[in-house]
Amino acid sequence: MNGLDGKTAVVTGAGSGIGRASAQRFAEEGANIVVADIVEETGHETVDLIEAAGGDAVFVDLDVSDTASVERMVDVAVDTYGGLDIAHNNAGILTGFSDVTDIEESDWDQLLDVNLKGVWACMKAELPIMEEQGSGVIVNTASESALAGMGGLSSYSASKHGVVGLTKSVALEYATRGIRINAIAPGPTKTNIQANTAGGDTDPRSLPFDTSAMTDVPMDRIADPEEMAGVVAFLCSSDASYITGHTIPVDGGQAAD
Ligand code: NAD
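Worth saying up front: this structure is predicted, and the values here are computed from it rather than measured.

Enquirer: Is there a simple way to think about the pairing of strand S1 (residues 8–12) in this case?
Expert: One face of the sheet, then the other: side chains in a regular strand alternate in exactly this way. Counting buried positions along S1 yields five of five residues, so the element is predominantly enclosed. The side-chain alternation of S1 yields two buried faces, one formed by Thr8, Val10 and Thr12 and the other by Ala9 and Val11. Examined bridge by bridge, S1 and strand S2 (residues 32–37) share five bridges and lie parallel to one another. If you follow Val11 over to S2, its bridge partner there is Val35. In this fold, S1 hands off to helix H1 (residues 17–28), which returns the chain to S2; that crossover is right-handed.

Here it is as structure tokens:
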């Protein structure tokens, strides 16, 4: 892996799951990390984990659906580390399964505000800094639900299809400006999103395969968050210097089925 040493990375939703794993992986690769999350306690835990492993990280309280909050996150990166090289726009929510006619307007708005508007707000705040530097890399977290319809998850699937369209379009806008923008489409991964779907206080790491509604996985297992983080780190490295505008399925073969 090449190219993360001494870089500055922001990770949204870094207090848990895929975001925590990518923040830790970026730090292992030598980057300084802005750990951003709406939950302060878990965000600080991620900072502690990174520092205990010898890395450098700072926490910022963030609500991705609030543009002022997103701008503060970028200001913290610039003020603390002097720039912004990498962004993993990853924060997302899943509000449960229901037919489209049973979705409350407030639930629709909340989910789209976090999952889609949040990614737009992050890129809007991050790109001017990267453009000024003449370089930068962004990875947005989509989902397998962005690549196919998902009955019972229409608002989530619509939001993640939106993330893919946004990623492609903005990648084209910035293709000649030194900035690459890609997305990952995770399959079912052992995080709180899956644990909450399973109900109760399930530890995500101990999730059995069949708790997920999305278990049609050729590899017949749920992913560990670190398997997402490895692909995110690759996309942010100079090894991926000719990849932009793509959504990479990290899904145990689901998209091939
Ligand atoms: P997770 O619940 O463990 O992590 C999500 C993090 O986002 C949490 O720390 C949460 O506090 C934070 N967050 C929620 N709303 C926020 C907001 N408004 N502002 C800032 N932070 C906020 O779940 P995860 O699985 O790690 O989710 C990460 C991303 O991966 C999400 O975009 C999710 O849709 C996507 N994803 C997950 C799976 C899966 O199976 N786990 C599959 C496909 C896609």
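Enquirer: For this particular structure, what's the right way to read the nonpolar core?
Expert: The nonpolar side chains of a soluble globular protein tend to be buried with one another. Ranked by size, the top nonpolar core spans 34 residues in total, and within it Met73, Met123, Leu127 and Ile181 carry the most contacts. Of all the secondary-structure elements, those providing two or more residues to this core are S2, helix H3 (67–81), helix H4 (105–133), helix H5 (154–174) and strand S6 (179–186). Ranked by residues supplied to this core, first place goes to H4 with eight residues. Setting aside residues no more than four positions away along its own chain, Met123 makes contact with Asn89, Pro128, Ile138, Asn140, Leu166, Val170 and Ile181. With 26 residues, the next largest nonpolar core counts Val11, Ile33, Val137 and Val139 among its residues.

Enquirer: I would appreciate a short explanation of helix H7 (residues 225–236) in the present structure.
Expert: Residue pairs three or four apart in sequence face the same way in an α-helix, which turns once every 3.6 residues. For H7, spanning twelve residues, the distance from its first C-alpha to its last is 17 Å, which sits close to the expected 16 Å at 1.5 Å a residue. Of the positions making up H7, those classed as buried are Pro225, Met228, Ala229, Gly230, Val232, Ala233, Leu235 and Cys236. Buried positions along H7 lie against H1, strand S4 (86–89), strand S5 (136–141), S6 and strand S7 (247–250).

Enquirer: How should I be thinking about the pairing of S5 in this particular structure?
Expert: Among the six residues that make up S5, six are buried, leaving the element largely enclosed by the rest of the structure. On S5, burial covers both faces: Gly136, Ile138 and Asn140 on one face and Val137, Val139 and Thr141 on the other are all buried. Where S4 lies against S5, four bridges are found, and the strand directions are parallel. Bridge pairing in S5 places Asn89 opposite Asn140. After leaving S4, the chain enters H4 and then returns to the sheet as S5, a path that is right-handed. Of the strand pairs in this sheet, S5 and S6 are connected by six bridges, and their pairing is parallel. When the sheet's bridge partners are listed, Gly136 is paired in S6 with Ile179. Running through H5, the crossover from S5 to the neighbouring parallel element S6 is right-handed.

Enquirer: Quick question: what am I supposed to make of unusual backbone geometry here?
Expert: Backbone geometry follows two general trends: most residues other than glycine have a negative phi, and most peptide bonds adopt the trans configuration. In this structure, Asp220 takes a positive phi of about 65° despite not being glycine. Within the secondary structure, Asp220 is located in the loop between helix H6 (192–198) and H7.

Enquirer: How do you make sense of the packing of H3 against H4 when you look at a structure like this?
Expert: Packed helices, taken two at a time, are described by the angle their axes make and the gap between the axes. Between H3 and H4, whose axes approach to 9 Å, the crossing angle comes to 35°. Considering how the two elements wind past one another, H3 and H4 form a crossing that is right-handed. Where H3 approaches H4, its residues Thr67, Val70, Glu71, Met73, Val74 and Val78 are matched on the opposing element by Trp120, Ala121, Cys122, Ala125, Glu126 and Ile129. Of the residues in the contact of H3 with H4, the class split is nine nonpolar, one polar and two charged.

Enquirer: How do you make sense of the sheet that holds S2 when you look at a structure like this?
Expert: Overall, parallel pairing links the seven strands, which are arranged S3-S2-S1-S4-S5-S6-S7 in an open sheet. Two strands bound the open sheet, and with one partner strand each, they are strand S3 (57–61) and S7. Neighbouring strand axes in the sheet, compared pairwise and without regard to direction, differ in orientation by 20° on average. Across the face of the sheet, H7 comes into contact with S4, S5, S6 and S7 while running at roughly 165° to S6.

Enquirer: Is there a simple way to explain the site of the ligand in this structure?
Expert: The environment of the ligand is made up of 29 residues, and the closest members are Ser16, Asp37, Asn90, Tyr156 and Thr191. Between the ligand and the protein, one listed contact pairs an oxygen atom with a backbone N or O atom of Thr189 at 2.8 Å. Taking Gln194, its side chain carries an N or O atom lying 2.9 Å from an oxygen atom of the ligand. Against a free-state accessible area of 830 Å², the protein chains account for coverage of 94% of the ligand. More than half of the atoms belonging to the ligand lie within 2 Å of the grid points that define the largest pocket. Where the shell around the ligand is concerned, the elements lending two or more residues are H1, H5 and H6. Here the element with the most residues in the shell around the ligand is H6; it accounts for three residues. Split into classes, the residues belonging to the shell around the ligand amount to 13 nonpolar, 13 polar and three charged.

Parameters and conventions
- Residues numbered from 1 in each chain as written.
- Predicted model: local features only at pLDDT ≥ 70, side-chain atom pairs only at ≥ 80, totals over all residues.
- Heavy atoms only, no water.
- Buried < 20%, exposed > 50% of the residue type's maximum accessible area, 1.4 Å probe, protein only.
- Helix = DSSP H or I, 4+ residues; strand = E, 2+ residues; numbered from the N terminus.
- Pairing = 2+ DSSP bridges.
- Right-handed = clockwise from strand over helix to strand, strands pointing away.
- Core = buried A, V, L, I, M, F, W, Y, C linked by side-chain atoms within 4.5 Å.
- Contact = heavy atoms within 4.5 Å.
- Expected span 1.5 Å × (residues − 1).
- Axes fitted to C-alpha atoms, helices over the stretch in contact; angles between N-to-C directions.
- Left-handed = near helix turned anticlockwise from the far one by under 90°.
- Nonpolar A, V, L, I, M, F, W, Y, C, P; charged D, E, K, R; others polar.
- Near = heavy atom within 4 Å.
- Polar contact = N/O pair within 3.5 Å; in protein donor to acceptor, adjacent residues only side chain to side chain.
- Areas by Shrake-Rupley, 256 points an atom, 1.4 Å probe, with all protein chains shown as cover.
- 1 Å grid on protein atoms, 1.4 Å probe; cavity = no way out; pocket = protein on both sides within 12 Å on 5 of 7 lines; lining within 4 Å.
- Sits in = over half its atoms within 2 Å of the grid points.

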